[in-house]
Amino acid sequence: MRLFSATIATETNTFSPLPTSLDAYKESVFLRPGEHPTDAPRMCTAPLFVARQRAADEGFTLIEGSCFAASPAGTTNRADYEFMRDEILAQLKAALPLDGVLFGLHGAMVAHGYDDVEGDVLERARAIVGPDCVIGVELDPHCHLTIKRVQLADITILYKEFPHTDVVERAEDLLTLVLRTIRRQVRPATSLYDCRQIGSYPTTLPLMRAFVDKTAAMEGKNGVLSVSIGHCFPYADVPELTGRILVITDDDKAKADRLASEIGQEFIALRGRTAPDYMAADDGISAALAFNGSPVVMADPADNAGGGAPTDNTTILRRLMERKVDGAVLGPIWDPIAVRLCFDAGLGAGFPLRFGGKIGPASGQPVDAHVTVTALKRDCWQSFGPTQVPLGDCAAIKIGGVEVVLISNRTQALGLELFRNLGIEPTDRKLVVVKSTNHFMAAFGPVAQKVIYVDSDGPLSRDYRKIPYSKVERPIWPLDEHTSPGLIL
Ligand SMILES: [Zn+2]
């Protein structure tokens with residue numbers, strides 16, 4: 001038995017002023033066969049990682065293809081996408097004959113000329129491997145679950161958790177189902193239900209927690225092979241942006257239809273009740289300062305690199321400085337030039353630094369301040385579940401009672417190392433401000449005495465009605481009050 005695995009992945013915010021080129025992939029994940037690390041998967045490479053570990057026991061040969069993944073940002077350069085795609089497809093062709101293919105994709109990648117990158121990759125891959133080869137795909141729930149890609153794959157599985165702490169577990173599920181399909185132990189029948197809604201669904205809040213637990217418990221019995229909840233990725237102008245439910249049963253299409261419809265209708269009933277309450281930035285700071293206990297962790301989802309934001313918005317920082325808050329730390333602010341200037345100034349130096357506020361109107365104005373460089377470290381990383389996310393060279397600066405972590409590789413706040421790399425112990429601070437929507441909860445939730453979500457003036461507005469969509473199919477909630485959800489596959 002022969003299996004092939006590869007990755008091409010990013011989450012594209014088509015409204016972002018930061019284009020994504022090959023350099024962005026090289027900064028994050030750019031691994032050719034033979035270069036894949038053995039310690040942990042990188043971003044979307046879990047299918048390859050898991051398959052490698054199980055190949056000997058399960059009696060198959062794994063042919064490892066290239067893995068490319070970039071941090072979320074703007075649309076990927078067309079020539080660069082085609083270069084990466086064609087490299088993987090050439091490897092796929094060279095690996096024939098194949099019984100199975102495992103793709104670790106994100107699912108919300110857009111390249112110039114390609115609104116549905118994953119559909120394009122799968123269409124070309126299917127043409128190479130033929131109809132009998134079993135294709136399995138792992139996706140992020142913040143994906144566009146297009147009809148095309150679901151039809152082209154035999155098995156599609158999304159992570160269940162947000163924060164995405166189950167990337168490896170879902171890759172295990174995917175490999176198991178692909179192997180069982182190859183061995184003719186199961187025959188996947190897939191149904192897709194379109195909920196016609198845009199929303200945010202952290203699984204750390206009670207309603208989604210219960211919904212995910214309930215649907216996960218359906219798997220593995222009564223012929224139900226897999227249930228996936230597609231959240232959608234709101235910051236992309238593509239036709240099939242919407243929340244969808246995907247159910248796979250063992251050779252029982254009618255049951256898959258019924259279950260996808262039932263779960264879909266339940267998901268629709270959760271509209272407007274799944275996201276946390278967001279405070280205004282100043283109110284959030286006041287609430288944090290008034291709270292008796294520390295640390296308070298305050299999230300700034302509107303400037304989350306994980307949604308393609310530049311991560312250099314200065315509004316909250318400016319208010320902390322203006323209000324002379326003591327014992328606050330904020331991170332990250334992406335500003336490689338400011339990091340370079342801090343290294344030039346040297347550890348312990350005090351100097352006038354301009355930082356942040358550079359990339360677009362939603363970045364706000366840069367901060368000009370006399371800063372003290374309190375820590376410098378090259379090639380830092382932070383952990384996110386079992387994966388390591390590079391931060392590049394980092395600097396910590398202090399302005400009055402406020403410390404700021406500046407990073408060179410644009411990413412959101414995920415692990416405590418973001419601060420600890422630079423000698424800052426977040427649990428010792430009164431207020432920890434993190435740029436992240438909800439992934440920060442995996443590491444910061446357990447140490448926080450209180451968590452506050454604020455809606456700053458960063459680019460990722462929490463009000464989807466303010467996003468200037470032109471291609472998204474209508475009607476869709478909350479842009480439209482009346483929608484027509486239904487089974488589409
Ligand atoms: Zn996601």
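Above this text you will find the structure in question.
Residue positions are given per chain, counting from 1 as you read along its sequence in written order. Per-residue local features are limited, in this predicted model, to residues with pLDDT of at least 70; the limit for side-chain atom pairs, both in listing and counting, is 80 or more; totals at the level of whole chains, interfaces and linings are taken over all residues. Side-chain metrics in this entry use all non-hydrogen atoms of the structure; hydrogen atoms and water are not considered.

(A) A look at the layout of surface pockets. Whether a set of points on the 1 Å grid over the protein atoms alone is a cavity depends on a 1.4 Å probe fitting there but being unable to get out, while an open set qualifies as a pocket with protein on both sides within 12 Å along at least five of seven lines; lining residues are those with an atom within 4 Å of a point. Grid points are joined across faces, edges and corners, and a volume is the space filled by probe spheres set on the points. Considering only enclosed or pocket space, the second largest pocket measures out at about 430 Å³ in volume. At the level of secondary structure, the elements contributing two or more residues to the lining of the second largest pocket comprise α5 (147-152), α6 (167-182) and β7 (188-194). Residues that form the lining of the second largest pocket fall into these classes: nine nonpolar, three polar and five charged. Helix and strand assignments follow DSSP, with helices taken as H or I runs no shorter than four residues and strands as E runs no shorter than two, numbered in order from the N terminus. The classification used treats Ala, Val, Leu, Ile, Met, Phe, Trp, Tyr, Cys and Pro as nonpolar, Asp, Glu, Lys and Arg as charged, and all other residues, Gly among them, as polar.

(B) Inspection of unusual backbone geometry at higher detail. With an omega of -10°, the peptide bond running from G331 to P332 counts as cis. With respect to the secondary-structure elements, P332 resides in strand β12 (residues 328-334). The omega angle of the peptide bond from W477 to P478 is 5°, so this bond is cis rather than trans. Within the secondary structure, P478 sits in the loop between β18 (450-454) and β19 (486-487). Positive phi outside glycine occurs at R184, with the angle close to 60°. Secondary-structure assignment places R184 in the loop between α6 and β7. Given a relative accessible area of 75%, R184 falls into the exposed group. Buried, partly exposed and exposed residues are distinguished by accessible area as a fraction of the type maximum, computed with a 1.4 Å probe on protein chains only: under 20%, between the cut-offs, and over 50%, respectively.

(C) Broad picture of the environment of L62. Within the secondary structure layout, L62 lies in strand β3 (residues 61-69). Distance in space between the C-alpha atoms of L62 and L98 is 9.8 Å, their sequence separation being 36 residues. Filtering out sequence-adjacent residues up to four positions away, L62 remains in contact with L3, F4, S5, L48, A51, R52 and A55. Any two residues having at least one pair of non-hydrogen atoms within 4.5 Å are treated as being in contact.

(D) Spatial organisation of the pattern of salt bridges. Here a salt bridge means any side-chain nitrogen of Lys or Arg lying within 4 Å of a carboxyl oxygen belonging to Asp or Glu. Scanning the entire structure with this criterion turns up 39 salt bridges. For E219, the salt bridge identified is with K160, shortest N-O distance 2.7 Å. One end of the pair, E219, is in the loop between α7 (206-216) and β8 (224-230); the other, K160, is in the loop between β6 (155-158) and α6, with 59 residues separating them in the sequence. A single burial state applies to E219 and to K160, both of which are buried. Close ionic contact of R209 with E161 constitutes a salt bridge, the shortest N to O distance being 2.7 Å. One end of the pair, R209, is in helix α7; the other, E161, is in the loop between β6 and α6, and 48 residues separate them in sequence. Residue classification places E161 among the buried positions, given a relative accessible area of 17%.

(E) Just the coordination of the zinc ion, in detail. Only nitrogen, oxygen and sulfur atoms qualify as donors, provided they sit within 2.8 Å of the metal or within 3.2 Å for Na, K and Ca; with water excluded from the atoms, sites may seem incomplete. The protein atoms that coordinate the zinc ion are D140 (OD), D140 (OD), H142 (ND1) and H164 (NE2), at distances spanning 2.1 to 2.6 Å. Irregular is the default label, applied whenever a site is not tetrahedral (four donors, all angles between 85 and 135 degrees) and neither square planar nor octahedral (four or six donors, opposite donors over 155 degrees apart, all other angles between 65 and 115). Geometry at the zinc ion is irregular, judged from the four donor atoms that bind it and their angles of 54 to 143° at the metal. Linear spacing of the donor residues for the zinc ion on their chain is D-x1-H-x21-H. On the basis of relative accessibility, which here comes to 5%, the residue D140 falls in the buried class. With relative accessibility at 12%, the residue H142 sits in the buried group.

(F) Summary view of the packing of aromatic side chains. A pair of Phe, Tyr and Trp rings is counted when the ring centres sit within 6.5 Å of each other, with Trp represented by its six-membered ring. The angle between the planes then sorts it: under 30 degrees is stacked, over 60 is edge-to-face, the rest tilted. The full count for this structure, using the stated rule, is ten aromatic pairs. Centre to centre, the rings of F233 and Y235 are 5.8 Å apart; their planes meet at 70°, and the pair counts as edge-to-face. Each member of the pair, F233 as well as Y235, is classed as buried. Measuring from centroid to centroid gives 6.1 Å for Y278 and Y453, while their planes differ by 90°, and the two rings are edge-to-face. You can see Y278 sitting in strand β10 (residues 278-279) and its partner Y453 sitting in strand β18, a full 175 residues away along the chain. Here Y453 falls in the buried class, since its relative accessible area comes to 8%. By way of ring pairs, the aromatic residues Y201, F211 and F267 are connected into one cluster. For a ring to carry a charge above it, either NZ of a lysine or CZ of an arginine must fall within 6 Å of the ring centroid while also lying within 35 degrees of the normal to the ring plane. The ring of F30 has K26 lying over it, and the distance from NZ or CZ to the ring centre is 5.5 Å. R378 extends its terminal NZ or CZ atom over the ring of F343, reaching a point 3.9 Å from the ring centre.

Note that every value here comes from positions in space, so none of it alone points to a role or purpose.
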